[in-house]
Amino acid sequence: MLSKKTKGLFVEVNGFSCHVATVTGMIPPFTVENLYEFPRQEPEKLRGFLAGESAARRKRYINAHCGVVPDSRFFRLHTLESMAKAKGSDYFLQILEEQFRLDPRSANFSVLSARDGAAFDVSKSLASQKELLFCGAEAKELAAFQDTLVEGGIYPQSLQLSTLSSIAALKSYLRGRAIEAPVLLVEMTQASANLFILTRDKIDLCRPVNFGFDGVLPVIQKELGLKDEESARNLFFSNTFDFREIGPRLLAKFLKEVNSSTGFYEVQTGQTIPSLYMTSLPETLAWIPEVIANELEIQLLDIDWQGWSTELGISFGEGCSVADFGPSRFGLFSLFINFEQLKDGSGEEI
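Residues numbered from 1 in each chain as written. Predicted model: local features only at pLDDT ≥ 70, side-chain atom pairs only at ≥ 80, totals over all residues. Heavy atoms only, no water.

## Side note on the overall build of the chain
Right, on to step 1. Helices and strands together make up the secondary structure of the chain, namely 12 helices and 14 strands.
Right, on to step 2. C-alpha extents for the chain along the principal axes are approximately 55 × 55 × 40 Å.
Right, on to step 3. A buried classification covers 50% of the 350 residues belonging to the chain.
Right, on to step 4. Across the chain, every contact between residues at least 6 apart in sequence was considered, and the portion connecting residues at least 24 apart equals 65%.
Right, on to step 5. Charge separation in the chain, taken as the distance between the mean sites of 35 positive and 45 negative side-chain charges, equals 5 Å. (Helix = DSSP H or I, 4+ residues; strand = E, 2+ residues; numbered from the N terminus. Buried < 20%, exposed > 50% of the residue type's maximum accessible area, 1.4 Å probe, protein only. Contact = heavy atoms within 4.5 Å. Lys, Arg positive; Asp, Glu negative; His and termini not counted. Charge placed at Lys NZ, Arg CZ, Asp CG, Glu CD.)

## Some points on the sheet that holds strand E7 (residues 131-138)
Right, on to step 1. The three strands lie next to each other as E5-E7-E6, forming an open sheet whose pairing is antiparallel. The sheet is open, and its two borders are formed by strand E5 (74-79) and strand E6 (107-113), each paired with just one other strand. Each strand of the sheet is rotated relative to its neighbour by a mean of 20°, with strand direction disregarded.
Right, on to step 2. Where E6 and E7 come together, seven bridges link them in antiparallel fashion. Residue pairing across strands places Ser 113 opposite Leu 132, the latter belonging to E7.
Right, on to step 3. On top of the sheet, helix H4 (residues 139-151) reaches E6 and E7; it is set at about 65° to E7, its chief contact. (Pairing = 2+ DSSP bridges. Axes fitted to C-alpha atoms, helices over the stretch in contact; angles between N-to-C directions.)

## So, the packing of helix H6 (residues 217-224) against helix H7 (residues 229-236)
Right, on to step 1. Two elements in contact, H6 and H7, have axes separated by 8 Å at closest approach and are oriented at 95°. The angle between H6 and H7 places the two elements in the roughly perpendicular class. Counted together, Leu 217, Pro 218, Ile 220, Gln 221 and Leu 224 of H6 and Glu 229, Ala 232, Arg 233, Leu 235 and Phe 236 of H7 form the full contact between these two elements.
Right, on to step 2. The class makeup of the residues in the contact of H6 with H7 is seven nonpolar, one polar and two charged. (Parallel < 35°, antiparallel > 145°, perpendicular 65-115°, else oblique. Nonpolar A, V, L, I, M, F, W, Y, C, P; charged D, E, K, R; others polar.)

As structure tokens, this is what we get:
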């Protein structure tokens, strides 16, 4: 139940769960009072929770910052050769359509600097905007997310791509900790995955992979002699079987794609990638990043949640603690951060 001090919510809807945090303010410093998790496939549980909170507050809507992970989300890097090209009214539409094979007319998208995340500005110099990130999702899917949230009693003060806020948060963490080595960031959902290689300064690599958790089900069925893929699915998410031993075989197709991307990056830049971080994972699948890290012979990035929270002005009430955060709630935590507060005079995050 929301206390009298509570000012609103943070909500992240990813491929598996809906994570909710009740907070005493919408901009740090604030206190996180409670954390909740509801199955994505059972939206009535979230609606029931929100209905109870709205009634307790005697208000129809609760203010919230929201992050979503649409199936249609896309992220692509593009090197801009000249500002003259970008001044053409259809230039970015053509890039999406002809180079990336995406339909820009059915999508909501933004063009951002891959260095600092600022929106592309034709009045600024090419030097600060040469490397660009195209990001977006199908407009209909984003509208459906918004409608679902509003129908549940949420007034979204912002509706963000959770993938993007997670990238910004991890990049900010690397910068704040003066970690210069690149990090491999992996986001995987049921049907697809995205690979990013980040440094404290910018996004170096961005690649979609046509492989999600559904891709392991036929392999599980074959390896364990199960009768059908539904049985494999139930076992996969049940947390009753240790998949670490057969994990490399389950993820063989995905590992091939990761090895190709990281190998290309290391050859092109001369830099090795020492660590991996994986977001949006249910806790029952925590073995997956362990298998990937072991196969790549790299480490899992260890986040200092206590130190990071303190630096950001985020504290915790009696209903939860910093120990409740990890990869499964990284997307939710990323929504807490007010990146404008983290910029120095140069516009870079600190």
